[in-house]
Amino acid sequence: MKILRYFFLSLNILLSFCAGLWAYQAVLWLVWEQTMSEGDLPAVRYWVGIAYLIILVPSYLLICFFVTSKIKSAIMRLLLYPIGCGLMFVLPTIFIFAAFGGGNLFSAEAFLFYVFFISSGAVFGLGYALSIFLTSNRFGK
């Protein structure tokens, strides 16, 4: 059962990253009616990917483990996983801006990163809840 849980967790990490990237591009198009150039997409993927793997994945897992250990109600867990993970959005944005020598955390660029990390956190939290449900011993009984 642990192999299945790790498989779901790995898939969840990948899907939440892709959901964040899609949200970033969707907001860029919907709000500013712009698309990313061929040079911007790899740069965004690279820097967001580093921040995602170094900061967010461990933070998401800590939040989910904390919620699992402290909250007994399944409904509250379902709510707190995506909310808790989504609230981590500012940490990787600070990391990215610090890597480039600072910047305004209230700028349009920061807003795009916030959208990425909030949507990624929400998808990760929901995916984590789904993986717990699918791999629990109660499933199928």
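What counts, and at which threshold
All residue numbers here refer to positions counted from 1 along the written sequence of the relevant chain. Two thresholds apply to this predicted model, a pLDDT of at least 70 for residue-level local features and 80 or more for giving and counting side-chain atom pairs, whereas whole-chain, interface and lining totals are computed over all residues. Side-chain numbers here rest on the full set of heavy atoms in the structure, without hydrogens or water. A run of H or I in DSSP becomes a helix once it reaches four residues, and a run of E becomes a strand once it reaches two; helices and strands are each numbered from the N terminus. Both definitions apply: the radius of gyration is a C-alpha atom measure, and the globule rule equals 2.2 Å times residues to the power 0.38. Buried, partly exposed and exposed residues are distinguished by accessible area as a fraction of the type maximum, computed with a 1.4 Å probe on protein chains only: under 20%, between the cut-offs, and over 50%, respectively. Here the accessible surface of atoms and residues is derived via Shrake-Rupley with a 1.4 Å probe, and residues count as covered only by protein chains that are part of the display. Lines fitted to C-alpha atoms define the axes here, with helix axes fitted over just the stretch in contact, and angles between the N-to-C directions of these axes take values from 0 to 180 degrees. Angles are sorted into four bins: roughly parallel if under 35 degrees, roughly antiparallel if over 145, roughly perpendicular if 65 to 115, and oblique for all others. For any helix crossing, the convention is left-handed if the near helix is rotated counterclockwise from the far helix by under a right angle, and right-handed if that rotation is clockwise. Should any heavy atoms of two residues lie within 4.5 Å, those residues are counted as being in contact. Ten residue types, Ala, Val, Leu, Ile, Met, Phe, Trp, Tyr, Cys and Pro, are classed as nonpolar, four, Asp, Glu, Lys and Arg, as charged, and the remainder, Gly among them, as polar.

Peer 1: Explain the overall build of the protein chain here, please?
Peer 2: Across its full length, the protein chain holds 5 helices and 0 strands. Since a compact globule built from 141 residues should have a radius of gyration of about 14 Å, the 16 Å found for the protein chain is in line with a globular shape. Across its three principal directions, the C-alpha atoms of the protein chain cover 50 × 25 × 25 Å. By residue count, 40% of the 141 residues in the protein chain fall in the buried class. Within the structure as shown, the protein chain displays about 8,600 Å² of accessible surface, and the carbon and sulfur contribution to it stands at 73%.

Peer 1: Explanation requested: unusual backbone geometry in the structure shown.
Peer 2: Among all residues except glycine, the phi angle is most often negative; among peptide bonds, the trans geometry is most common. Backbone geometry at Glu33 places phi at a positive 50°, although glycine is not the residue there. Note on placement: Glu33 falls in the loop between α1 (2–32) and α2 (40–70). The exposure class of Glu33 is exposed, given its relative accessible area of 64%.

Peer 1: Can you walk me through the packing of α2 against helix α4 (residues 90–99) in this structure?
Peer 2: Helix-helix packing: each pair is described by the crossing angle between the helix axes and the interaxial distance. Packing of α2 against α4 leaves a shortest axis separation of 9 Å and a crossing angle of 130°. Compared by their axis directions, α2 and α4 come out oblique. Once α2 is placed against α4, the crossing between them reads as right-handed. Within the contact between the two elements, α2 uses Trp47, Val48, Ile50, Ala51, Ile55 and Leu56 and α4 uses Leu91, Pro92, Phe95, Ile96 and Ala99. In terms of residue class, the contact of α2 with α4 is built from 11 nonpolar, no polar and no charged.

Peer 1: How do you make sense of the packing of α1 against α2 when you look at a structure like this?
Peer 2: Following both chains from N to C, one finds α1 and α2 inclined at 135°, their axes separated by 11 Å at the closest point. In terms of their interaxial angle, α1 and α2 are classed as oblique. Like other packed secondary-structure pairs, α1 and α2 cross with a definite hand, here right-handed. On α2, the residues touching Leu9, Ile13, Ser16, Phe17, Leu21, Tyr24 and Gln25 of α1 are Leu41, Val44, Arg45, Val48, Gly49, Tyr52, Val57 and Leu61.

Peer 1: What should I look at first to understand the environment of Phe116 in this one?
Peer 2: On the secondary structure map, Phe116 appears in helix α5 (residues 108–135). Between the C-alpha atoms of Phe116 and Trp22, which are 94 residues apart in sequence, the distance is 7.9 Å. Aside from chain neighbours lying at most four places away, what touches Phe116 is Phe17, Gly20, Leu21, Tyr24 and Val48.

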